[in-house]
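As a plain string of letters, each chain reads:
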Protein chains: 2
Amino acid sequence: MTGTERRGKGVGADGDDSAFLAAYDPRGFPAIAVTVDIVALTLRGGALHVLLVERGGRPFRGTWALPGGFVRAGQESLDAAAARELAEETGLDAAHLERVHLEQLGSYGEPARDPRMPVVTVAYLAFAPDLPEARGGGDATAAAWIPVSRLALGAHQDGRTDRTPARGSTAEDRDRTAGTSGEPDAARPRPSQQGPGHGIDGGDSVPRTPDGTAPGPDAPAPLPLAFDHARIVADGLDRARAKIEYTPLATAFLGEEFTVAELRGVYESVWGSPLHAGNFHRKVLSVPGFVEPTGATAARGGARGGPRARLYRAGGAALLHPALLRPGRDAS
Amino acid sequence: MTGTERRGKGVGADGDDSAFLAAYDPRGFPAIAVTVDIVALTLRGGALHVLLVERGGRPFRGTWALPGGFVRAGQESLDAAAARELAEETGLDAAHLERVHLEQLGSYGEPARDPRMPVVTVAYLAFAPDLPEARGGGDATAAAWIPVSRLALGAHQDGRTDRTPARGSTAEDRDRTAGTSGEPDAARPRPSQQGPGHGIDGGDSVPRTPDGTAPGPDAPAPLPLAFDHARIVADGLDRARAKIEYTPLATAFLGEEFTVAELRGVYESVWGSPLHAGNFHRKVLSVPGFVEPTGATAARGGARGGPRARLYRAGGAALLHPALLRPGRDAS
DNA sequence: CTAATAGTGTCTTTGAGACAATATGGA
DNA sequence: TCCATATTGTCTCAAAGACACTATTAG
């Protein structure tokens, strides 16, 4: 149904559709506002960040919220609206925006999610390479990339301790669905001691809590989000974690050229757990179409020494076969 | 954003939010109608069917469309609206509805998808056991379960020859995303000859085209769908195919108790390809929490003989580990 | 009685993961 | 020099898939 039932006006003449449409009065349907909200993720200094804006208006004035805005009725598609809002908020031009992955995340329409009126928001998820500092667009006081570790997303760090995440579906957190993988992260024992002397915390890794994403010991108070945006961000993170398992989208967080170690850093940051460098390396190169060598090598070795790594660019594959499954899934 | 920007009214008094909300005029936002549409799938006689209604009003009068309707602004959530519409259209009571799996599929908002006005629809996907015949609710002329093989969904049978399907994401067909798996089905060679004398076409299997879902040799003209509903159904099928890989949701198509062969029938019908009976059997029983034995056995053996199969019910797992991956994914 | 079906066993191949080993270059 | 890092090699185990085999029962 796209809407015909119980509300049509001017359904008198039985001629052709054009006559009907001309006589149609579009003001007979229930009043719901439609917005798009963007969960834009990027990596900064090895930590996952979300783009947030500080609200300048009521309600939730002064609270951080997802960037977004109204869909221009009849003028743009949902996808276009999301791209427009993202561009406005980040100040990105079309060229930069091309390198950003944007996909629909899901829609949220609890009756009272906005105290002012019924609002349905279509959430989008974006993966971006390290972008210039955000500028506050619209009437937001400020816009900034905030580490996800600083957000209050639910019971735990990432707000996923009672919900069943998703291999990619949309509304999966709301029913018995469950997507891919994603048992409660907290319930999954992290390999705390993994044999002596292994690159568990080496390299450009991130300070991590037992939960994953790094709030550092001096962690300030967790940031609450406006509306139901904490939930949306949590869903976005779930989706992102699942998505990089089966798609090469982890490369969307990096520049045109990257090393295998940098790619591994993306996975470690998004999943919040260290990966075995050697196995990861072999695995990435073995998946057809994931990455392809540029022939060049990095200008210098690792931070604390080591050979210069080879450079790669994203390959042509749209899906990873076989997939890079997250570790720690063994029930037993 | 849930909506504050560029449109707030009565933002004068700087008091508390309640005063602001009281003065707020909700009629300042763009006019978009919000509907829910349901892609309800079920198995009848071993073939996948979708619930459709014949439109009684313009436009597309007389054309088949997805069941759905307007969201009651401010009164119900999107999920609730979807459940309500599904109940109305199928005539199902709450008890029956409990056995139906319902999840959000994605939102569709092309500016001109409805010629009358801007309409955003939030599509839902439902998996149902074989239900009684549908009754035409609302102002639809008729409602019926239609074999998906009869639908005109795109280039091919299932309309998936140029799009990149999804392991579960929502808007994945619209960008470079790609979800799980789902290369063009047509491009994936089907094991046409698989050794002599194997249950390839035996049992309760379905007549199949090279594409999968069974249009029979006497196939009538493919049924066009109203609006962009062909696309939505195609997305729903993609999602369903991906979903049963990683979740036990295939059991949602069956009754309380079922045999392994019946479960295999679900996979074969949804995926459109035959599965090896022996391997499937062992696999299903080996995945923890997928099914659990009831202790009973079926009243009689297979259609053409054979031992009485044991009965199972759905287990407690929300996710399948390891997953039941679709066959035929080997690039090479 | 015949043929199809339920359920199990075996074997091969692939892939994941644990470790080991070697070479390289930063501090 | 010292040591972390890049990259490759080896070994083991789990799982998928191809087949074979046995028992059972509808027609």
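Cut-off values and rules
- Residues numbered from 1 in each chain as written.
- Chains lettered and ligands numbered in written order.
- Predicted model: local features only at pLDDT ≥ 70, side-chain atom pairs only at ≥ 80, totals over all residues.
- Heavy atoms only, no water.
- Helix = DSSP H or I, 4+ residues; strand = E, 2+ residues; numbered from the N terminus.
- Buried < 20%, exposed > 50% of the residue type's maximum accessible area, 1.4 Å probe, protein only.
- Contact = heavy atoms within 4.5 Å.
- Areas by Shrake-Rupley, 256 points an atom, 1.4 Å probe, with all protein chains shown as cover.
- Phe/Tyr/Trp six-rings, centres within 6.5 Å; stacked < 30°, edge-to-face > 60°.
- Expected span 1.5 Å × (residues − 1).
- Pairing = 2+ DSSP bridges.
- Axes fitted to C-alpha atoms, helices over the stretch in contact; angles between N-to-C directions.
- Left-handed = near helix turned anticlockwise from the far one by under 90°.
- Nonpolar A, V, L, I, M, F, W, Y, C, P; charged D, E, K, R; others polar.
- pLDDT = per-residue confidence, 0-100.
- Salt bridge = Lys/Arg side-chain N within 4 Å of Asp/Glu carboxyl O.
- Polar contact = N/O pair within 3.5 Å; in protein donor to acceptor, adjacent residues only side chain to side chain.
- Parallel < 35°, antiparallel > 145°, perpendicular 65-115°, else oblique.

Topic: the overall build of chain A
Logical step 1: If you tally the helices and strands in chain A, you get six helices and nine strands.
Logical step 2: Put simply, chain A has 332 residues, and 54% of those count as buried.
Logical step 3: Excluding contacts between residues fewer than 6 apart, the proportion of contacts in chain A whose partners are at least 24 apart in sequence is 67%.
Logical step 4: Only carbon and sulfur atoms are counted for the fraction: they give 55% of the accessible area of chain A, which is about 13000 Å².

Here's the deal with the packing of aromatic side chains
The geometry of two aromatic rings is summed up by the distance between their centres and the angle between their planes.
Logical step 1: Counted according to the given criterion, the structure contains nine aromatic pairs over all chains.
Logical step 2: Members of the aromatic cluster, connected to one another through ring pairs, are Tyr 267, Trp 271 and Phe 280 of chain A.

So, the environment of Glu 245 of chain B
Logical step 1: Tracing the sequence through the fold places Glu 245 of chain B in helix α4 (residues 229-246).
Logical step 2: When the C-alpha atoms of Glu 245 of chain B and Phe 70 of chain B are compared, they prove to be 32 Å apart, with 175 residues separating the residues in sequence.

Digging into helix α2 (residues 78-90) of chain A
Every α-helix carries 3.6 residues per turn, so stepping three or four residues along brings you back to the same face.
All names here are of chain A.
Logical step 1: With 13 residues, α2 should cover 18 Å at 1.5 Å per step; its first-to-last C-alpha distance of 18 Å lies within 8% of that length.
Logical step 2: Within α2, burial applies to Leu 78, Ala 81, Ala 82, Arg 84, Glu 85, Leu 86, Ala 87, Glu 89 and Thr 90.
Logical step 3: Trailing α2 by a residue or two, Gly 91 shows a phi angle of about 75 degrees, which is positive.

Considering the pairing of strand β1 (residues 33-44) of chain A
Residue and element names in this part refer to chain A.
Logical step 1: With eleven of its twelve residues buried, β1 lies for the most part within the structure.
Logical step 2: Relative to strand β6 (residues 119-128), β1 is paired through ten bridges, and the arrangement is parallel. Bridging across to β6, Thr 35 finds its partner in Thr 121.
Logical step 3: When β1 meets strand β4 (residues 68-70), the two strands line up antiparallel, connected through three bridges.

Concerning the packing of helix α4 (residues 229-246) of chain A against helix α5 (residues 260-271) of chain A
Residues and elements named next belong to chain A.
Logical step 1: Close contact between α4 and α5 brings their axes to 9 Å; oriented N to C, the two are set at 145 degrees. For the crossing formed where α4 meets α5, the hand is left-handed. Within the contact between the two elements, α4 uses Ala 240, Arg 241, Ile 244 and Glu 245 and α5 uses Tyr 267, Val 270 and Trp 271.
Logical step 2: Among the residues forming the contact of α4 with α5, the class breakdown is five nonpolar, no polar and two charged.

Some points on the environment of Gly 295 of chain B
All names here are of chain B.
Logical step 1: Position of Gly 295 among the secondary structure elements: in strand β8 (residues 291-297).
Logical step 2: For Gly 295, a relative accessible area of 68% translates into the label exposed.
Logical step 3: Distance in space between the C-alpha atoms of Gly 295 and Arg 310 is 7.1 Å, their sequence separation being 15 residues.

So, unusual backbone geometry
Logical step 1: In this structure, Pro 59 of chain A follows Arg 58 of chain A across a cis peptide bond, with omega equal to -15 degrees.
Logical step 2: Topologically, Pro 59 of chain A is positioned in the loop between β2 (47-54) and β3 (64-65).
Logical step 3: We note that Phe 60 of chain A has phi near 65 degrees; this positive angle belongs to a residue other than glycine.
Logical step 4: Considering the arrangement of structural elements, one finds Phe 60 of chain A in the loop between β2 and β3.
Logical step 5: Phe 60 of chain A gets classed as partly exposed once you look at its relative accessible area, which sits at 30%.
Logical step 6: Even without a glycine there, the phi angle at Phe 227 of chain B is positive, about 50 degrees.
Logical step 7: Exposure remark for Phe 227 of chain B: the relative accessible area of 12% places this residue in the buried category.

Description of the confidence of the model for chain A
All names here are of chain A.
Logical step 1: For chain A, the average pLDDT comes to 77, and 68% of its residues sit at 70 or higher.
Logical step 2: This stretch, residues 1-15, has a pLDDT under 50; its non-local contacts, to residues over four places away or in other chains, come to 55 contacts.
Logical step 3: Ignoring residues within four places in sequence, the model shows residues 156-216, a span with pLDDT below 50, making 176 contacts including any to other chains.

Some thoughts on the environment of Arg 150 of chain B
Residues and elements named next belong to chain B.
Logical step 1: Structurally, Arg 150 is set in the loop between β7 (142-147) and α4.
Logical step 2: With a relative accessible area of 30%, Arg 150 lands in the partly exposed category.
Logical step 3: For the pair Arg 150 and Ser 273, spaced 123 residues apart in sequence, the C-alpha separation works out to 18 Å.
Logical step 4: Excluding anything up to four places from it in sequence, Arg 150 contacts Pro 220, Ala 221, Pro 222 and Leu 223.

Side note on the pattern of salt bridges
Logical step 1: Counted by the stated rule, this structure contains 30 salt bridges over all chains.
Logical step 2: Asp 235 of chain A is paired through a salt bridge with Arg 231 of chain A; the nearest N and O atoms lie 3.8 Å apart. Taken together, the residues span about one helical turn, with Asp 235 of chain A and Arg 231 of chain A both in helix α4 at a distance of four residues.
Logical step 3: Residue classification places Asp 235 of chain A among the buried positions, given a relative accessible area of 4%.
Logical step 4: Across the pair Arg 113 of chain B and Asp 228 of chain B runs a salt bridge whose closest N-O atoms are separated by 2.7 Å. Here Arg 113 of chain B is found in the loop between β5 (101-108) and β6 (119-127), whereas its partner Asp 228 of chain B is found in the loop between β7 and α4, with 115 residues between them in sequence. Taken individually, Arg 113 of chain B and Asp 228 of chain B each receive the classification buried, so the pair is uniform in this respect.

Things to note about the side chain of Thr 121 of chain A
All names here are of chain A.
Logical step 1: Relative to the helices and strands, Thr 121 resides in strand β6.
Logical step 2: For Thr 121, a relative accessible area of 0% puts it in the buried group.
Logical step 3: At 2.8 Å, the side chain of Thr 121 forms a polar contact with the side chain of Asp 37.

Notes on the packing of helix α5 (residues 260-271) of chain B against helix α6 (residues 277-286) of chain B
Residue and element names in this part refer to chain B.
Logical step 1: Direction vectors running N to C along α5 and α6 enclose 105 degrees, while the axes themselves pass 10 Å from each other. Taken together, α5 and α6 sit at an angle that is classed as roughly perpendicular. In this structure, α5 contributes Val 260, Leu 263, Arg 264 and Tyr 267 to the contact, and α6 contributes Ala 277, Phe 280, His 281, Val 284 and Leu 285.
Logical step 2: Here the contact of α5 with α6 is composed, by residue class, of seven nonpolar, one polar and one charged.

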